[in-house]
Every structure is written in C-alpha cells, then in structure tokens.
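Summary of structural features
Given next are the chains, with one letter for each unit.
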Amino acid sequence: MVERTREELIGQHQRILHPPEDIVNGGVSNTYKKHVSTHEGTVLETKIVTKTGKIRDVAIKANKILLGNKILVQGVFRDITEQKMAARELKEYREHLEKIVEKRTEELSNLNEQLRQIQKMQAIGTLAGGIAHDFNNILSIIMGFTEIAMYKTSENSSIKKDLERIMTASDR
C-alpha cells in the first residue's frame, strides 16, 4: 500500500507517510494530532503518500502507547482508495440519473398539459357536434313544415315565394 518495506518504515517518523499539506507545526500530521486527542481505536480517514509519490486514501485505526514519557501512536492502515473512487463515481452517476429523471419529469408534465389541451378541444368538438345535431333537427322540422305549407299553398300565392326562400335557405 505504501510501497515501502517493513525495514523502511520501522523507526521512521510518521510524517514520511503524509502529504506535506497535512503536516502542521511540530512536524506531525493533522491525523496524528487527532488520534492523540481522541478515544482509543478511533478510525480516521486521511491521505498518505506512497514511496513513488502516489496519493492513496486510507482509514487509520490508531492506538496510543505510552513509552516512558512519550506517547506513541500505532496505526493500522486500510486502503480505501478504490472505495472512495467508487463512491465518487456512484455520486456522479446518481447526479446524472437525477438530471435524467428531472428532464423526463418535465417532459411528462409537458405531455400531460398537451393531453389536457387535447381533451378540452375534444370536449368542445363534442359540444359543437351536439349543438349542430340539435340545430339540424330543428332545421329538418322547419323544412318539413315548409314543404307541407308549400304543398297546401297555391302557385299564385305571395306566400309561396316566401316559402321557397325558406326552403332554399334551409337547404344550405
């Protein structure tokens, strides 16, 4: 994980494992300071630097050891680099899916609005068709009675021409 042998690590200061930006006054890492000030067995996440300079994400479980007047910290490192990468990828994918869902929801909302407009137009068409049918029924009655009146009226009657005009207008 750190690309160092056991011999390269034993007796070395812990700062060789931490990025320079993690080293604070006194030459110790922020992680070391947290481990010294927290409960025994606390697991902290941080970054370490391998021998070749690669940065790795790790979870460190540390125990304090008193050796004379010195407090030593013994840490057990677990590489969580791939876990962190997977979590980042999962987050990015979730955000991507959320954008797709948002877009599809908006499209669905637009389609629902179009459907409502179509249904309104259909209702207006049905109403207009009903009114036209009722009007046609009334017109048929008018034409029927006009035909009867024309049949009963003599050819020379002034009313006959008016009845013919009614038939012509009704026949449109």
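Look up: the structure comes first, before these words.
Quick look at the structure, then. (Residues numbered from 1 in each chain as written. Predicted model: local features only at pLDDT ≥ 70, side-chain atom pairs only at ≥ 80, totals over all residues. Heavy atoms only, no water.)

**Focus: the overall build of the chain**
Defined as follows: Secondary structure counts use DSSP, requiring at least four H or I residues in a row for a helix and at least two E residues in a row for a strand, with both numbered from the N terminus. C-alpha atoms define the radius of gyration, and 2.2 Å times the number of residues to the power 0.38 defines the globule rule. For every residue, the accessible area obtained with a 1.4 Å probe (protein chains only) is divided by the maximum for its type, and the residue is called buried under 20%, exposed over 50%, and partly exposed between those limits. Whether two residues touch is decided by their heavy atoms; if any such pair falls within 4.5 Å, the residues are in contact. In short, Shrake-Rupley with a 1.4 Å probe defines the accessible areas, and a residue's cover is counted only from the protein chains shown. Note that His is not counted, nor are the chain ends; the positive residues are Lys and Arg, and the negative ones are Asp and Glu. Lys charges are placed at NZ, Arg charges at CZ, Asp charges at CG and Glu charges at CD.
A tally of regular secondary structure across the chain gives four helices and three strands. Reading the chain from its N terminus to its C terminus gives the helix and strand order α-α-β-β-β-α-α. In terms of overall size, the chain is more extended than a compact globule, its C-alpha atoms giving a radius of gyration of 46 Å where 172 residues would be expected to give roughly 16 Å. Dimensions along the principal axes, computed over C-alpha positions, put the chain at roughly 140 × 30 × 25 Å. In the chain, which comprises 172 residues, the share counted as buried stands at 19%. Intrachain contacts of the chain at a sequence separation of at least 6 include 37% that bridge at least 24 residues. Carbon and sulfur atoms provide 57% of the accessible area of the chain, an area that totals close to 13,600 Å². Averaging the positions of the 27 positive and the 24 negative side-chain charges in the chain gives two centres separated by 8 Å.

**Details of the sheet that holds strand β2 (residues 55-67)**
Note the cut-off: Strand pairing is assigned whenever DSSP identifies at least 2 bridges connecting the two strands. Angular values range over 0 to 180 degrees, each being the angle between N-to-C directions of two axes fitted as lines to C-alpha atoms, with helices fitted over their stretch in contact.
Read from one edge to the other, the open sheet built from three strands follows the order β1-β2-β3, with strand pairing classed as antiparallel. Only two strands of the sheet have a single partner each, and these edge strands are β1 (43-49) and β3 (70-79). Adjacent strand axes in the sheet meet at a mean angle of 45° when their direction is disregarded. Here β1 pairs with β2 via seven bridges, running antiparallel.

**Section: the pattern of salt bridges**
What counts here: Each salt bridge in this description consists of a side-chain nitrogen of Lys or Arg and a carboxyl oxygen of Asp or Glu lying within 4 Å of one another.
What the rule picks out here adds up to 10 salt bridges. Taking the shortest distance from any N to any O, the salt bridge between Lys-84 and Glu-45 comes out at 2.7 Å. One end of the pair, Lys-84, is in helix α3 (residues 81-152); the other, Glu-45, is in strand β1, with 39 residues separating them in the sequence. Exposure remark for Lys-84: the relative accessible area of 29% places this residue in the partly exposed category.

**Concerning the packing of α3 against helix α4 (residues 158-170)**
The relative placement of two packed helices is expressed as an angle between their axes plus a distance between the axes. Definition in use: By definition in this entry, angles of less than 35 degrees are roughly parallel, angles greater than 145 are roughly antiparallel, angles of 65 to 115 are roughly perpendicular, and the rest are oblique. Crossings are assigned a handedness: left-handed for a near helix turned anticlockwise from the far helix by less than a right angle, right-handed for a clockwise turn.
Interhelical geometry of α3 versus α4 gives an angle of 150° and a closest axis separation of 10 Å. Regarding the angle of α3 to α4, the classification is roughly antiparallel. The chirality of how α3 crosses α4 is left-handed. Residues Leu-139, Ile-142, Met-143, Thr-146, Glu-147, Ala-149 and Met-150 of α3 form the contact with α4, whose own contacting residues are Lys-160, Leu-163, Glu-164, Ile-166, Met-167 and Ser-170.

**Side note on a nonpolar patch on the surface**
Condition: Patch building starts from residues that exceed 30% relative accessible area and form no salt bridge, then joins like charges within 9 Å and nonpolar side chains (Val, Leu, Ile, Met, Phe, Trp, Tyr) within 5 Å.
Taken together, the side chains of Ile-65, Leu-67 and Leu-72 present a nonpolar region at the surface, about 260 Å² in accessible area. Locating Leu-67 in the fold gives a position in strand β2.

**Points about α3**
What counts, and what does not: Here a helix's expected span is defined as the number of its residues, less one, multiplied by 1.5 Å.
Over its 72 residues, α3 extends 105 Å from the first C-alpha to the last, a length consistent with the 106 Å expected when each residue adds 1.5 Å. Along α3, the positions that sit buried rather than exposed are Thr-81, Leu-139, Met-143, Thr-146 and Met-150. As for α3, its buried residues are in contact with β2, β3 and α4.

**Some words on α4**
Put simply, the rule reads: Here the arc refers to the set of directions running from the helix axis out to each C-beta atom. N or O atoms within 3.5 Å of each other form a polar contact, as long as, within protein, one can give a hydrogen and the other can take it, and as long as residues adjacent in sequence are counted only when both atoms are side-chain atoms.
Taking 1.5 Å as the rise per residue, α4 with 13 residues should run 18 Å; its terminal C-alpha atoms sit 19 Å apart, in good agreement. Of all the residues in α4, the buried ones are Lys-160, Leu-163, Met-167 and Ser-170. The buried residues of α4 all sit within an arc of 90° when viewed along its axis, so they share a single face. Away from its buried face by more than 90 degrees, α4 exposes Ser-158, Lys-161, Arg-165 and Thr-168. Elements in contact with the buried residues of α4: α3. The distance from a side-chain oxygen at the start of α4 to the backbone nitrogen of Ile-159 is 3.2 Å, and the residue carrying that oxygen is Ser-157.

**Let's talk about the pairing of β2**
Between β1 and the antiparallel strand that follows it, β2, lie five residues; Gly-53 among them carries a positive phi value of about 95°. Hairpin geometry of β2 and β3 is characterised by an intervening segment of two residues between the two adjacent antiparallel strands and by a positive phi of about 70° at Gly-68.

**Observations concerning the pairing of β3**
In summary, the side chains of a regular strand alternate between the two faces of the sheet. Pairing geometry for β2 and β3, over 10 bridges, is antiparallel. For Leu-67, the partnering residue across the bridge sits in β3 and is Lys-70.

Treat this as a map of the structure, not an account of what it does.
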